[in-house]
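Structure at a glance
Letter by letter, the chains look like this.
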Amino acid sequence: MTDSKYFTTTKKGEIFELKAELNSDKKEKKKEAVKKVIASMTVGKDVSALFPDVVNCMQTDNLELKKLVYLYLMNYAKSQPDMAIMAVNTFVKDCEDPNPLIRALAVRTMGCIRVDKITEYLCEPLRKCLKDEDPYVRKTAAVCVAKLHDINAQLVEDQGFLDTLKDLISDSNPMVVANAVAALSEIAESHPSSNLLDLNPQSINKLLTALNECTEWGQIFILDCLANYTPKDDREAQSICERVTPRLSHANSAVVLSAVKVLMKFMEMLSKDLDYYGTLLKKLAPPLVTLLSAEPELQYVALRNINLIVQKRPEILKHEMKVFFVKYNDPIYVKLEKLDIMIRLASQANIAQVLAELKEYATEVDVDFVRKAVRAIGRCAIKVEQSAERCVSTLLDLIQTKVNYVVQEAIVVIKDIFRKYPNKYESVIATLCENLDSLDEPEARAAMIWIVGEYAERIDNADELLESFLEGFHDESTQVQLQLLTAIVKLFLKKPTETQELVQQVLSLATQDSDNPDLRDRGYIYWRLLSTDPVAAKEVVLAEKPLISEETDLIEPTLLDELICYIGTLASVYHKPPSAFVEGGRGVVHKSLPPRTASNESVESPETAPAGAPSNEQPDVIPTQGDLLGDLLNLDLGPPVSGPPLATSSVQMGAVDLLGGGLDSLMGDEPEGIGGPNFVAPPAAAVPANLGAPMGSGLSDLFDLTSGVGTLSGSYVAPKAVWLPAMKAKGLEISGTFTRQVGSISMDLQLTNKALQVMTDFAIQFNRNSFGLAPAAPLQVHAPLSPNQSVEISLPLNTVGSVMKMEPLNNLQVAVKNNIDVFYFSTLYPLHILFVEDGKMDRQMFLATWKDIPNENEAQFQIRDCPLNAEAVSSRLQSSNIFTVAKRNVEGQDMLYQSLKLTNGIWVLAELRIQPGNPNFTDLELSLKCRAPEVSQHVYQAYETILKN
């Protein structure tokens, strides 16, 4: 008999009867009763009153009954937390049951009961199950950790479950590995900043080994995890690709798309010259084609993903045009998506095939599809120049069919063809004019009016045609009215004698009889232009128009790169990043493709940062709203305003001899190594110590210094580092570095437009900072910044801005505004751009000051493996305004005593002990004394950077 009997009602009071049956001595009767309870619960009846009776049934060896009771518990524990505690002992006992199925069932159920009181008791059983000998129990426990983390994150961290979970990635059973990865990924999603999945080549190798033996969902978890890893070089990327490629032939389409995502991401790191790159392109096509033989809903998801892939790498599917031809029984959503991809793949090689197919579609019965097909013919003409003539003749054939919506759509696309290829196909205008009366859609009417106005000199009766539109001027849509106004003004400027009345009529209609502000304003502008300066009017209205681009609906490159990282998810179907449609507290992490490491576009790895630069990371784009945004948003982003200059700190005298009398003997010696006049070469900026930016060559041509002015002997300017990535600034990428030359500080910027729109109206503002750095002039970007264009700007800085101590001291928070938005970022400037040219202290003063500064203000540092001797060290530091006051030799070691002064008047005194190491390298011991000891660390970083680069 089937289970439907449990859903039929009993005669007397149902709850009472069930209670009696649950307490029956007969096992079978008990089981039947629990089934009835579950059936009632399933259809929405409240059976919570039976909680104690159902819990009593837990003590059983019958697995089926146990499962049913656990199901009931999961449902009602939240509403009866005090009663649920009764079940804890049984759970704990079941977690030690000899049957692994029962152990797993117990730990799974405890994870699903979201009651705080129970979670405390769950820790011990869970710890045992995570180390259970049976892999089934371990894989269940791994998922349970993620559930527990969702209920009480702190508890999971305190109990050390995350470390146990990380250990499970090395488990011998592939399913345990997959579940551990899934659990860690889930936890990491809710804590984007935590580095839970600390992936390295060893752990990646374990994941790839497990990949071959997992269930399909396990494979998806592992592939998604792999997609978040950035290989250290192209060799590792290739090796991972080789091991992931077999997944492309999996039967499950989700596994295929996850594998495609990993390969698309890692291909970014492979050189296009590699044989393997070509092989990989060939291997990616068949699985994508296979996805199109699934049911329509899956096809649609596959097509939306293919649309992204084709925009990123059209070469993958360039030979597969035929699979995107529309079938008669495809649903409309699949047809429209296929059409879109066909146009993206259209090229000179396959255009004949595509046009024949599109012409066929234009005779279909589905109106939406026909419109899109006609529009597609126009897009092909604009994309493939050689096919334009054939496209135009195809469109003319379609106009001859006299089908209303086909004719209107054709006229709209012919307007675009005229704009792309001026003075080429105007012979068809006569045919278009014949169909004037049949146009009833605003877009088609506006297109036709544009054509008549643009080519008025070639159309004999242009004034009559436009006059016919003017009769119902107030009934037209705004789009048509605006187009008509412009077209008649164009006609007047081309044939002034014949059309004076017409232009008067349209101008009075637009300015006096219209309520639309756009139309009225345009009317007044034309009226004033024509009445004051007809020549200027001609230049403005009949100016040469820019050609339209091929692909108008491409996704912005930075967004496309992000969407490629989300292949196989909802983001790839919506073509929007998750942040656009995911709500709630979970932090959505912006993903991006790894930098290309191919031969011609080499980006060096972080390991090649300057030897001396500490490996602290660059500070993030400013995360908190409170501290900075308030400051910056209250500032006017116009030209910078000078603030009051800072008071310089005075030097006081005291008496502590830290060198044990060592300095007194110097007073009579000549300072060796600084012979000749104190000429200071204009120093360049050092690398920002915390940037760890990749190094590049070609520094010599940063400054075109003429001979005889003194050379930059070894001073160092950091290559520009990316301060604001395009993804975080709607397509604006800002790279930069700092320099100091002949007493003036500047910020050298490179602005790159990676968006699809022109950028203008740039302005810059700094937040208050430790040394009062501020722009000394507005940010001058003389021409609008077009898409894919870069501009280099040197922004002069001064140190008279507002002061506020930052953490770290050399942190600079910046706001940049353009016509799109205001963007914020922070960067670290190298301290020695603030070392001034008059920083050489008199020797008497040096000795007195050194003694005066308290002992606890002295900081000691070591600079290892410096490739310079004492002479070269002194000379190179002097070029960055660190001056040698005196020099002596003690027991074969050179000692340099140096001074430098910061822009805010703080003096820093240094003793540099040079210990010859091996013949090519020396070790330096640096002692720094300063009244503001927090400066010392940054001065040391400046020393290290200047001497090692």
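I will try to describe carefully the structure that is included in this document.

Thresholds applied
- Residues numbered from 1 in each chain as written.
- Predicted model: local features only at pLDDT ≥ 70, side-chain atom pairs only at ≥ 80, totals over all residues.
- Heavy atoms only, no water.
- Pairing = 2+ DSSP bridges.
- Helix = DSSP H or I, 4+ residues; strand = E, 2+ residues; numbered from the N terminus.
- Axes fitted to C-alpha atoms, helices over the stretch in contact; angles between N-to-C directions.
- Parallel < 35°, antiparallel > 145°, perpendicular 65-115°, else oblique.
- Left-handed = near helix turned anticlockwise from the far one by under 90°.
- Contact = heavy atoms within 4.5 Å.
- Nonpolar A, V, L, I, M, F, W, Y, C, P; charged D, E, K, R; others polar.
- Polar contact = N/O pair within 3.5 Å; in protein donor to acceptor, adjacent residues only side chain to side chain.
- Buried < 20%, exposed > 50% of the residue type's maximum accessible area, 1.4 Å probe, protein only.

1. Section: the sheet that holds strand β4 (residues 763-766)
Taken in spatial order, the three strands make up an open sheet running β4-β7-β8, and their pairing is antiparallel. Strands with a single pairing partner mark the edges of an open sheet, and in this sheet they are β4 and β8 (822-828). In this sheet, neighbouring strand axes are inclined to one another by 25° on average, regardless of whether the strands run parallel or antiparallel. Taken together, the seven bridges between strand β7 (residues 811-817) and β8 define a ladder with antiparallel strand orientation. Counted as the bridge partner of Val-816 is Phe-823 from β8.

2. Re the packing of helix α21 (residues 367-383) against helix α23 (residues 404-420)
At a closest axis distance of 9 Å, the pairing of α21 and α23 adopts a crossing angle of 20°. Between α21 and α23, the angle is such that the two are roughly parallel. Regarding α21 and α23, the two cross each other, and that crossing is right-handed. Contact with α21, carried on its side by Val-367, Val-370, Arg-371, Val-374, Arg-375, Gly-378, Ala-381 and Ile-382, involves Tyr-405, Val-406, Glu-409, Ala-410, Val-412, Val-413, Asp-416, Ile-417 and Lys-420 of α23 and no other residues of that element. Looking at the contact of α21 with α23, its residues break down into eleven nonpolar, one polar and five charged.

3. Re the environment of Glu-96
By the secondary structure assignment, Glu-96 is in the loop between α6 (88-94) and α7 (100-112). Note: C-alpha distance between Glu-96 and Asp-132 (36 residues apart in sequence) is 9.7 Å. Here the side chain of Glu-96 touches Lys-128 through a polar contact of 2.6 Å, side chain to side chain.

4. Topic: unusual backbone geometry
Following Glu-807, the chain continues to Pro-808 via a peptide bond in cis, the omega torsion being -5°. Inspection of the secondary structure puts Pro-808 in the loop between β6 (790-798) and β7. Here the phi dihedral of Val-742 falls at roughly 40°; this positive angle occurs in a residue that is not glycine. Along the chain, Val-742 turns up in the loop between β2 (732-741) and β3 (744-753). A residue is classified by how much of its surface remains accessible, and Val-742, at 66% relative accessible area, is exposed. With a phi angle near 55°, Asp-761 is a residue other than glycine that sits in the positive phi range. Here Asp-761 is to be found in the loop between β3 and β4. Classification of Asp-761 by relative accessible area gives exposed; the value is 52%.

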